[in-house]
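Here is how the chains run, residue by residue.
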Amino acid sequence: MNQMSRMETDMEPGAEAAMATAIRVLAMDAVEAANSGHPGAPMGMADVAAVLFNRFITVDPADDRWPDRDRFVMSAGHGSMLVYAINHMLGYDDMPMAQLRRFRQLGARTAGHPEYGHAKGIEVTTGPLGQGIATAVGMALAERILNARFGDDLVDHHTYVICGDGCLMEGISHEAIDLAGHQQLGRLIVLWDDNRITIDGGTDLSTSTDQMARFAASGWHVQAVDGHDRQAVAVAIAAARDDARPSMIACRTVIGFGAPNKQGSHDVHGAPLGAAEIAAARQHLGWPHPPFDLPQDITGAWRAIAARGAQARAAWQDRLAASPHKAAFAAAMAAPDAGALRRAIGDHSARMIAERPKLATRKASELALEVVNATLPNTIGGSADLTGSNNTRTKGMTAVTASDRAGRYVHYGIREHAMAAAMNGMALHGGLLPYGGTFLAFSDYSRPAIRLGALMGVPVVHVMTHDSIGLGEDGPTHQPVEQVAALRAMPNLLVLRPADAVETAEAWEIALTQTATPSVLCLSRQSLPLLRDSADANLTRQGAYLLRDPGLRDVTLIATGSEVEIALAAADLLAGQGVRAAVVSAPCFELFAARPMAERDALLGTAPRIGVEALVRQGWDGLFLRPGDGFVGMAGFGASAPAADLYRHFGITAECVADLATQIIRGK
C-alpha cells in the first residue's frame with residue numbers, strides 16, 4: 001500500500017539526469033579525497049539508482065526503521081559511495097556532507113563497505129560478494145510471510161538489490177537465486193550491474209555464463225536494458241513489479257560512466273580516478289561545481305523523494321492505528337517476551353528433572369522448541385534438508401510455500417550458506433525470530449553468513465546437530481572436530497554446547513533473548529542422561545558452573561556437552577581412589593569469559609585442571625586451562641564406527657580422564 005510508482009512524472013528528464021550525475025561526482029570526489037575506494041560501480045549504476053529512487057522506492061529518512069519501507073541492498077558493497085551519496089541527498093540526519101568528505105576514515109559512518117548499524121538507511125552489511133543478494137532473499141521472504149499474517153495494509157513493500165558480476169559468480173548466489181525462484185518472491189527485484197568488468201579485467205577472463213538464462217531457469221522474470229537509458233530502466237522496473245515472480249533486470253552499463261578516458265576499463269573499478277581525470281569528467285558531465293558542493297535544485301529533487309516517503313509512512317501509521325492487527329503487529333516487531341519465555345522454559349526444565357529422560361540433545365532441543373514455539377508466535381524455523389535429523393520442526397508447524405505463506409517452517413533445501421544469509425535477512429527485516437538447522441560439520445558451509453550476522457549483531461539461532469564423533473558411522477566427513485573451536489574464535493557469537501535436556505532448554509532461552517548476538521547450538525546425536533537436579537536458575541547463562549562439588553578438591557574436571565557425562569563418571573572413579581574431583585559443566589565459553597576474573601578463578605579453583613571435549617583443544621587454553629593442565633579430546637579427524645567404539649578408540653573415556661588426573665596429581 002505504500003508504493004507510489006512515478007512512471008508518469010512531471011520532472012524534466014534533465015533533472016533526473018542531474019540527480020544521477022550528482023551520485024557520480026560525489027562518488028569520484030569522495031574516493032579521491034580518501035585516496036581509496038571504488039568509483040566505477042557508483043558511476044556506472046548512477047542512472048539506474050536515480051530512476052529507482054526517484055520513481056519507485058519508498059523510504060522516509062525521518063524514520064529509518066519504519067517497518068513497511070522498501071528495502072534497498074547494495075550487494076556490490078564495494079560501491080558503497082552510491083549508498084552514502086544517496087542517503088546524504090535524501091536527508092538522513094546522520095549523513096551530512098562531512099561524512100562523505102571522511103569516506104573510509106577512522107570513526108566515519110562512511111566505511112569502505114556499507115555496515116548495518118553504522119549509519120541509517122543501510123539495511124545490511126555487504127562486501128563479501130553474494131551475501132547481499134542472499135540476505136535480500138530472506139528479507140523478501142519475511143515480507144511475504146508477514147503479509148500473509150497482517151495483510152496489505154500493514155505489510156506491502158519491495159526489496160531491491162544492486163548486484164554485480166562478482167555477486168553472481170559467488171556460489172551463494174546460486175543457492176539464493178534458486179530458493180527465491182522456488183518461493184516465487186515477486187517482491188524481490190535484482191538490478192544486475194552488467195558492466196562485464198572485474199578487477200583482473202573483462203569478465204570473459206573467468207566466466208561465460210548466460211546469467212539471464214540462469215535466472216530464468218530458476219523461475220525468475222528476466223529483462224535486459226541499457227542501464228543508461230533511464231526511461232527504459234523505469235519501464236523494466238515497472239514490469240518487474242507487475243510480475244508474480246522475482247525479477248532480474250540486466251542493466252548493461254559502462255563502469256565509471258562519465259570519466260571519459262577511463263570508463264569501461266578495469267582501471268576505474270577500485271582506484272581513485274586522479275585529479276586530471278576528475279577534471280575531465282566534470283567537463284564531460286557538464287558539472288561546474290567544486291567537490292562536495294551540490295546545487296540546491298538537485299538536493300531539492302532528492303528531498304522530494306523523502307517527502308513522498310514521509311507521506312506514505314503517515315498513511316501507513318493511520319492504517320496501523322485503525323487495524324485489528326495493531327497489537328499483534330506491535331508484538332511481532334518487539335523483542336521477545338523474556339519473562340514469558342523464562343517461565344515456560346523453567347516449567348519445562350522442572351518437568352525434565354522430574355522425568356529424568358535420557359535424550360540426545362537434538363531431541364531435547366525439539367522438546368524445548370515445542371515450548372518456545374508455543375510461547376513466541378513469531379519464531380520461524382527451518383532446516384537445510386535435515387529436518388528429521390535436526391529436529392527443528394515442532395508439532396503443528398506447516399511449511400512456508402509459494403502458495404501458502406501462513407506456515408512457520410522453511411524448507412531451505414541443501415543450501416546451508418543461503419539459509420544462514422536468508423535468516424540474517426529475516427531478522428534484519430524484523431517481525432520474525434529465525435532459527436535453522438544443519439549438521440555442525442557443515443557450519444563451514446554457512447560460516448561466512450554466520451560471520452556477517454555476528455558483525456551486524458543479528459540474533460539468529462543456528463541449530464547445529466551431530467556435534468562430535470558421537471554421530472558414529474557417517475565418519476570423519478560428517479564428524480566435526482575443529483568447527484567448534486573455529487566458531488568460538490568468532491567475535492560476538494555465542495556457541496552453546498549443552499550437556500542435557502535442562503541445559504538445552506536454557507540454551508534456547510539464552511539464544512532467543514539476545515538482542516545483538518547470534519547463537520550456535522551444538523547438539524548431540526547420541527542420547528545423554530539428565531544431569532541437573534535443579535532448574536531454579538538458568539545456570540547455562542553463567543557459561544560454566546559447578547555441577548559436582550567435593551568441597552576441597554584435588555582436581556577440577558571441565559567438560560562440555562556429551563563429555564560432561566564422562567567427566568562425572570571419571571570423578572566417580574577418582575573418588576574410589578580417594579581423589580576429590582570437582583566437575584564443571586562449561587556449555588558456553590563466551591558467557592564464561594564475560595564474567596569477572598575473580599568469579600572465574602573462584603569457580604575453577606587452584607587444583608590441577610583437565611578439559612574434556614570430543615573436539616580439538618584450541619580455545620581451551622587461557623580461559624580454562626593453564627600450562628601443565630591436561631586435555632582429553634581429539635588431535636585429528638574421526639573415523640567411521642559406532643560411537644562407543646570411537647570414544648574408546650580415541651581415548652575419550654572416564655578411565656582415560658581418571659588416569660590423566662592421577663598422572664598430573666602425582667607429577668605436581
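So, how was this worked out
Residues numbered from 1 in each chain as written. Predicted model: local features only at pLDDT ≥ 70, side-chain atom pairs only at ≥ 80, totals over all residues. Heavy atoms only, no water. Helix = DSSP H or I, 4+ residues; strand = E, 2+ residues; numbered from the N terminus. Expected span 1.5 Å × (residues − 1). Buried < 20%, exposed > 50% of the residue type's maximum accessible area, 1.4 Å probe, protein only. Contact = heavy atoms within 4.5 Å. Core = buried A, V, L, I, M, F, W, Y, C linked by side-chain atoms within 4.5 Å. 1 Å grid on protein atoms, 1.4 Å probe; cavity = no way out; pocket = protein on both sides within 12 Å on 5 of 7 lines; lining within 4 Å. Points joined across faces, edges and corners; volume = space filled by probe spheres on them. Phe/Tyr/Trp six-rings, centres within 6.5 Å; stacked < 30°, edge-to-face > 60°. Lys NZ or Arg CZ within 6 Å of the ring centre and 35° of its normal. Nonpolar A, V, L, I, M, F, W, Y, C, P; charged D, E, K, R; others polar. Polar contact = N/O pair within 3.5 Å; in protein donor to acceptor, adjacent residues only side chain to side chain. Salt bridge = Lys/Arg side-chain N within 4 Å of Asp/Glu carboxyl O.

Bringing helix H21 (residues 564-576) into the picture now. Within an α-helix, residues lying three or four positions from one another point in the same direction, as the helix has 3.6 residues per turn. Taking 1.5 Å per residue as the helical rise, H21 with its 13 residues ought to reach 18 Å, and the 19 Å between its terminal C-alpha atoms agrees with that figure. Among the residues making up H21, those that are buried are Val564, Ile566, Ala567, Leu568, Ala570, Ala571 and Leu574. If you follow the buried residues of H21, they end up packed against strand E16 (545-548), strand E17 (555-559), strand E18 (581-585), strand E19 (609-612), helix H24 (643-649) and helix H25 (654-666). Positive backbone phi, at 80°, marks Gly578, one or two positions downstream of H21.

What follows deals with the nonpolar core. Grouped together as the largest cluster of nonpolar side chains are 70 residues, with contacts concentrated most on Phe72, Met81, Leu82, Leu191, Ile237, Ile249 and Trp302. For this core, the element with the highest residue contribution is helix H1 (residues 13-34), accounting for eleven residues. One finds Ala142, Ala332, Met426 and Met464 within the second-largest nonpolar core, a separate group that totals 69 residues.

Now for empty space enclosed by the protein. Enumeration over the complete set of coordinates arrives at two cavities of 30 Å³ or more. Roughly 120 Å³ of volume is contained in the largest cavity. Forming the walls of the largest cavity are 15 residues, and the residues nearest its centre are Val59, Asp70, Tyr92, Gly121 and Glu123. Contributing elements (two or more residues each) for the lining of the largest cavity: strand E1 (71-74) and helix H4 (80-90). Per-element accounting of the lining of the largest cavity gives the leading share, three residues, to H4. Together, Phe72, Val73, Met74, Val83, Pro114, Gly121, Ile122, Glu123, Val124 and Thr126 line the second largest cavity. Of the residues forming the lining of the second largest cavity, the biggest block, three residues, is contributed by E1.

It is worth spelling out the packing of aromatic side chains at this point. Throughout the structure, instances matching the rule amount to 15 aromatic pairs. A ring pair is formed by Phe589 and Trp620, whose centres lie 5.1 Å apart and whose planes are at 90°; its orientation type is edge-to-face. Separated by 31 residues along the polypeptide, Phe589 in helix H22 (residues 589-593) and Trp620 in the loop between E19 and strand E20 (630-632) bring together distant segments of the chain. By relative accessible area, which is 4% here, Phe589 ends up buried. In this structure, Arg488 packs its charged tip against the face of Phe589, placed 3.6 Å from the ring centre.

Take the layout of surface pockets next. There is about 500 Å³ of room inside the largest pocket. Lining the largest pocket are 27 residues, and of these Met333, Ala427, Gly430, Gly431 and Pro459 sit closest to its centre. Secondary structure elements with two or more residues in the lining of the largest pocket: helix H13 (326-333), helix H17 (416-429), strand E11 (433-439) and helix H20 (501-512). With three residues, the top contributor of residues to the lining of the largest pocket is H17. The residue makeup of the lining of the largest pocket, split by class, is 17 nonpolar, seven polar and three charged. Lining the second largest pocket are 24 residues; nearest its centre among them are His78, Leu129, Gly166, Ile197 and His269. Mapped onto the lining of the second largest pocket, the elements with two or more residues apiece are helix H7 (165-169) and strand E4 (197-198). Looking at which element gives the most residues to the lining of the second largest pocket, the answer is H7, with three residues. Of the residues contributing to the lining of the second largest pocket, the split by class is eleven nonpolar, ten polar and three charged.

Attention shifts here to the environment of Asp152. Considering the arrangement of structural elements, one finds Asp152 in the loop between helix H6 (131-150) and strand E2 (159-163). In the structure, Asp152 is positioned 84 residues away from Asp68 in sequence and 10.0 Å away in space, judged by C-alpha atoms. Side-chain polar atoms of Asp152 contact the side chain of Asn147, separated by 2.7 Å.

For the structure shown, the criterion picks out 32 salt bridges. Ionic pairing is found between Asp156 and Arg187, a salt bridge with its closest N-O pair at 2.6 Å. In this pair, Asp156 is assigned in the loop between H6 and E2 and Arg187 in the loop between helix H8 (171-183) and strand E3 (188-194), connecting sequence segments 31 residues apart. Here the two residues Asp156 and Arg187 agree in accessibility, since each one is buried. Asp243 is the salt-bridge partner of Arg245, the closest N and O atoms lying 2.9 Å from each other. According to the relative accessible area criterion, Arg245 is partly exposed, its value standing at 35%. What emerges from the salt-bridge pattern is a single network uniting Asp467, Arg488, Arg497, Glu563 and Glu613.

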